[in-house]
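Residues per chain, in single letters:
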Amino acid sequence: MVLAQLGGSISRALAQMSNATVIDEKVLGECLNEISRALLQSDVQFKMVRDMQTNIRKIVNLETLAAGTNKRRIIQQAVFTELCNMLDPGKPAFTPKKGKPSVVMFVGLQGSGKTTTCTKYAYYHQRKGFKPSLVCADTFRAGAFDQLKQNATKAKIPFYGSYMESDPVKIAVEGLERFRKENSDLIIIDTSGRHKQEAALFEEMRQVAEATKPDLVIFVMDGSIGQAAFDQAQAFKQSASVGAVIVTKLDGHAKGGGALSAVAATKSPVIFIGTGEHIDEFEIFDVKPFVSRLLGMGDLSGLMDKIQDVMPADQQPELLAKLAEGTFTLRLLYEQFQNLLKMGPIGQVFSMLPGFSSELMPKGHEKEGQAKIKRYMTIMDSMTAAELDSTNPKLMTESRIIRIARGSGRQIRDVMDMLEEYKRLAKMWSKMKGLKMPKNGKMSDLSQNLNIQQMTKALPPQVLKQMGGMGGLQALMKQMGGKDMSKMLGGMGLGGD
Ligand SMILES: Nc1nc2c(ncn2[C@@H]2O[C@H](COP(=O)(O)OP(=O)(O)OP(=O)(O)O)[C@@H](O)[C@H]2O)c(=O)[nH]1
């Protein structure tokens, strides 16, 4: 069972239980069995599933719960906590600091996605302002250096390797010296993999580690290997001082449960997950938000951080002023699309919204969504400034539409489609009109001025329903704290169909 389905099954089991008029032992038992079945099908170890059931039973003692307590919420919370405990080894991994030289070594079996992940890791840190560099100490696989070179060049990350040298230790040390001189603050060493765990692989790993003294050894594990994950993770853990794990290929048909439970068993935290072959299909792994997203409960603080990352602070007062006037122009939409694309794969963004489990945004649709946004932007590129800045729907006459379609090389139908989407969003935003502005003009202070009624009106009904109606919305606003809500609404509107 793939991870997104696992989340869906657990949420469904909880929802079914909520539908029961009385929650008694029988209903609770059925719900827990359903959840256990889903976990087992995802390759989570039997013992862990059994322990989880026992723990939940301990927390949720139906007889002693006072009348009037919300049993459903208590059970849901217990499931959430247990899933988190399963994935949290309780100690954080080493994290590199900007400007302070760190060495990180990657280990794993051949084909686990090690080389790809090294570049993703480097790229991730580069975007955060680090000066990463890559060393290819994989002399076992002939094409490894070429692959690293290609990836690194594309991402503009300095790399080091050799076609001639066959001693991985020598390459690792030379690469380290070179990049230390060049003031790289994150030197990443890719090591050889083998088809299976074998003594030679572990010996080589040990030697490279001894020569380079890494601050962190990351074990890269293929998320689709199911139950075999347990032994593999443990073998690596015992041979190298693995300090963190990255699980790859948690897209497509990955039996993520197996890898995740095995990882939990090795007591090293998962720090990132790979969700595709592309360099930005890489997500930071945080236990609570991950479980929350798995259960379709969203991860708003993650989403807010992502938005804050891409939206320059000086643009915020301007956007707010326009929103307060109730003017949502095509130009504004264009800018929002740009921000959305900067945030990374759309599916990642949507899975952070409460009510949208990743099951609702399957891989194919994600690409479709992204393509749709790019298509809309191409169409807008063929519009005049007056068209982009207008708020008059009548301006878009037939002749203008035909001209835009021709100019952008798209069908008239596509232009109409884009305009419909714009109208839908403009309508949603117009309901936010009259919003009281925060005095300092800062987005992050806007949420204090939003009221529930206004929000309820602005949200598409199906989104509101998914969020659990007014009550859900209220809880959500509390969760948001000082973070900003309006940008989130913009994002939501784009996916609200
Ligand atoms: N779908 C998907 N494919 C991935 C992901 N990460 C890596 N891959 C693919 O997995 C394949 C193997 O990846 P590599 O990076 O070459 O594997 P490796 O572990 O470095 O192999 P060695 O260098 O031989 O040890 C490649 O085709 C990658 O594109 C991921 O998160 N999702």
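Since this is a predicted model, take the numbers as computed values, not measurements. (Residues numbered from 1 in each chain as written. Predicted model: local features only at pLDDT ≥ 70, side-chain atom pairs only at ≥ 80, totals over all residues. Heavy atoms only, no water.)

(A) Representation of the pattern of salt bridges. Tallied over the full model, the rule gives 15 salt bridges. Between Arg37 and Glu34 there is a salt bridge, with the nearest N and O atoms lying 3.0 Å from each other. Here Arg37 pairs with Glu34, and both are found in helix H2 (residues 25-41), just three residues apart, close to one helical turn. Arg37 sits in the partly exposed class, given a relative accessible area of 44%. Residue classification places Glu34 among the partly exposed positions, given a relative accessible area of 33%. Connected via shared salt-bridge partners are Glu165, Lys170 and Glu174. (Salt bridge = Lys/Arg side-chain N within 4 Å of Asp/Glu carboxyl O. Helix = DSSP H or I, 4+ residues; strand = E, 2+ residues; numbered from the N terminus. Buried < 20%, exposed > 50% of the residue type's maximum accessible area, 1.4 Å probe, protein only.)

(B) Spotlight on the environment of Gln338. Examined against the element boundaries, Gln338 turns out to sit in helix H14 (residues 330-342). Overall, the relative accessible area of 36% leaves Gln338 in the partly exposed class. Along the chain, Gln338 and Lys374 lie 36 residues apart, while their C-alpha atoms are 9.1 Å from each other.

(C) The arrangement of the sheet that holds strand E1 (residues 102-107) in detail. Spatially, the eight strands line up as an open sheet ordered E3-E2-E4-E1-E5-E6-E7-E8, and their pairing is mixed. With partners counted over all chains shown, the strands left at the sheet margins are strand E3 (159-160) and strand E8 (282-284), one partner each. One ladder, built from six bridges, connects strand E2 (residues 132-137) with strand E4 (residues 186-191); its direction is parallel. Bridged to Val135 within E4 is Ile189. Against the sheet, helix H5 (residues 114-127) contacts E1, E2, E4, strand E5 (216-222), strand E6 (242-248), strand E7 (270-274) and E8, and its axis sits at roughly 175° relative to E4. Relative to E1, helix H8 (residues 199-212) is tilted by about 175°, and along the sheet it contacts E1, E2 and E4. (Pairing = 2+ DSSP bridges. Contact = heavy atoms within 4.5 Å. Axes fitted to C-alpha atoms, helices over the stretch in contact; angles between N-to-C directions.)

(D) Summary view of the site of the ligand. If you check the shell around the ligand, you find 20 residues, and the closest are Lys114, Thr115, Thr116, Arg141 and Asp251. In the environment of the ligand, an oxygen atom lies 2.6 Å from a nitrogen or oxygen atom belonging to the side chain of Thr116. Within the side chain of Arg141, an N or O atom sits 2.4 Å from an oxygen atom of the ligand. Considering the ligand on its own, with 650 Å² of exposed area, one finds that the protein chains cover 83% of that surface. The element best represented in the shell around the ligand is H5, accounting for four residues. Of the residues that constitute the shell around the ligand, the class distribution is one nonpolar, 12 polar and seven charged. (Near = heavy atom within 4 Å. Polar contact = N/O pair within 3.5 Å; in protein donor to acceptor, adjacent residues only side chain to side chain. Areas by Shrake-Rupley, 256 points an atom, 1.4 Å probe, with all protein chains shown as cover. Nonpolar A, V, L, I, M, F, W, Y, C, P; charged D, E, K, R; others polar.)

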